[in-house]
Amino acid sequence: MQQISESELVLMKIIWKNGGTALYSYIMEELEKDSNEWKKNTVLTLLSRLIEKKFLKTKKIGRRNEYAAVVTQQEYQTMQTHSFLDKVYGGDVKHLVSALVQQEMLSTEDLKEIETFWESQSGKETD
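Residues numbered from 1 in each chain as written. Predicted model: local features only at pLDDT ≥ 70, side-chain atom pairs only at ≥ 80, totals over all residues. Heavy atoms only, no water.

## Quick look at the overall build of the protein
For step 1, the next point in the chain: On a plain count of helices and strands, the protein comes out with 6 helices and 3 strands.
For step 2, the next point in the chain: Along its sequence from the N terminus, the protein presents helices and strands in the succession α-β-α-α-β-β-α-α-α.
For step 3, the next point in the chain: For 127 residues, the compact-globule estimate of 2.2 N^0.38 gives 14 Å, and the protein exceeds it by more than 25% at 19 Å.
For step 4, the next point in the chain: By principal-axis analysis of the C-alpha atoms, the protein measures approximately 50 × 35 × 25 Å.
For step 5, the next point in the chain: Residue pairs at least 24 apart in sequence account for 47% of intrachain contacts in the protein once pairs closer than 6 positions are excluded.
For step 6, the next point in the chain: When the accessible area of the protein is evaluated, it comes to approximately 9400 Å², of which 51% is carbon and sulfur surface.
For step 7, the next point in the chain: Separation of charge centres in the protein, based on 17 positive and 20 negative side chains, amounts to 13 Å. (Helix = DSSP H or I, 4+ residues; strand = E, 2+ residues; numbered from the N terminus. Rg over C-alpha atoms; globule rule 2.2 N^0.38 Å. Contact = heavy atoms within 4.5 Å. Areas by Shrake-Rupley, 256 points an atom, 1.4 Å probe, with all protein chains shown as cover. Lys, Arg positive; Asp, Glu negative; His and termini not counted. Charge placed at Lys NZ, Arg CZ, Asp CG, Glu CD.)

In structure tokens, the structure reads:
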């Protein structure tokens, strides 16, 4: 799967937040709420790129375009996590967790929560 730019990600987040589909007018309203002053052509160009990259598809509703996410937010996050882990830590999760602990970005409580989650997932695999 291709990478998307920060600007393209802004649009994807708007669409994901709206249940995976959005009309152009809704996207523009959401951008304005965030004080984003992108011009119409900029937004249309970014949407076209997302369609080319197969992150979005479009459907005509009368004279309006509805944009639908082809990739869910979870799928995108998973892809980005794998990419980051491979690039920065050579795919070694232990080094990532170690860095998070050393930088105090992961607390003892967080680790306990992860352990509880892990144990609950391990039980599901044997069922």
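Past the structure itself, the notes keep going.
## A few points about the pairing of strand E3 (residues 64-69)
For step 1, the next point in the chain: Note: strand E1 (residues 21-23) against E3, 3 bridges, orientation antiparallel. Note that in E3 the partner of alanine 22 across the bridge is tyrosine 67.
For step 2, the next point in the chain: Across 6 bridges, the pairing between strand E2 (residues 56-61) and E3 is antiparallel. Residue pairing for E3: lysine 57 is matched across the bridge by alanine 68.
For step 3, the next point in the chain: Between E2 and E3, which follow one another and run antiparallel, lie 2 residues, and glycine 62 among them has a positive phi close to 65°. (Pairing = 2+ DSSP bridges.)

## Comments concerning helix H1 (residues 6-17)
For step 1, the next point in the chain: Here H1 is 12 residues long and its end C-alpha atoms lie 16 Å apart, about the 16 Å a rise of 1.5 Å per residue gives.
For step 2, the next point in the chain: Restricting attention to buried positions, one finds in H1 the residues Glu8, Leu9, Leu11, Met12, Ile14, Ile15 and Trp16.
For step 3, the next point in the chain: On the buried face of H1, the contacting elements are E1, helix H2 (24-33), helix H3 (40-52), E2, E3 and helix H4 (73-89).
For step 4, the next point in the chain: Positioned one or two residues after H1, glycine 19 has a phi angle of 85°, which is positive. (Expected span 1.5 Å × (residues − 1). Buried < 20%, exposed > 50% of the residue type's maximum accessible area, 1.4 Å probe, protein only.)

## A closer look at the sheet that holds E1
Within a sheet, adjacent strands bond to each other through the backbone by hydrogen bonds, running parallel or antiparallel.
For step 1, the next point in the chain: As summarised here, the arrangement of the 3 strands in space is E1-E3-E2, forming an open sheet in which the pairing is antiparallel. Both edges of this open sheet fall to E1 and E2, since each of them pairs with a single strand only. Strand after strand, the sheet turns through a mean of 25° between neighbouring axes, direction not considered.
For step 2, the next point in the chain: Of the strands in this sheet, E1, E2 and E3 touch H1, which is tilted by about 90° from E3.
For step 3, the next point in the chain: H2 contacts E1 and E3 of the sheet and is inclined by roughly 90° relative to E1. (Axes fitted to C-alpha atoms, helices over the stretch in contact; angles between N-to-C directions.)

## A closer look at the packing of aromatic side chains
For step 1, the next point in the chain: This structure, assessed with the given rule, holds 3 aromatic pairs.
For step 2, the next point in the chain: Ring centres of tryptophan 16 and tyrosine 76 lie 5.8 Å apart, and the angle between their planes is 40°; this geometry places the pair in the tilted category. Taken as a pair, tryptophan 16 in helix H1 and tyrosine 76 in helix H4 lie far apart in primary sequence, 60 residues in all.
For step 3, the next point in the chain: Centroid distance phenylalanine 84 to tyrosine 89: 5.9 Å. Interplanar angle 65°. Geometry classified as edge-to-face.
For step 4, the next point in the chain: Here tyrosine 89 falls in the partly exposed class, since its relative accessible area comes to 24%.
For step 5, the next point in the chain: An aromatic cluster of at least three residues, connected via ring pairs, comprises Trp16, Phe55 and Tyr76. (Phe/Tyr/Trp six-rings, centres within 6.5 Å; stacked < 30°, edge-to-face > 60°.)

## Things to note about helix H5 (residues 93-102)
For step 1, the next point in the chain: The opening residue of H5 is aspartate 92, an N-cap whose side-chain oxygen sits 2.9 Å from the backbone nitrogen of lysine 94.
For step 2, the next point in the chain: Immediately beyond the C-terminal end of H5, within one or two residues, lies glutamate 104, with a positive phi of roughly 55°. (Polar contact = N/O pair within 3.5 Å; in protein donor to acceptor, adjacent residues only side chain to side chain.)

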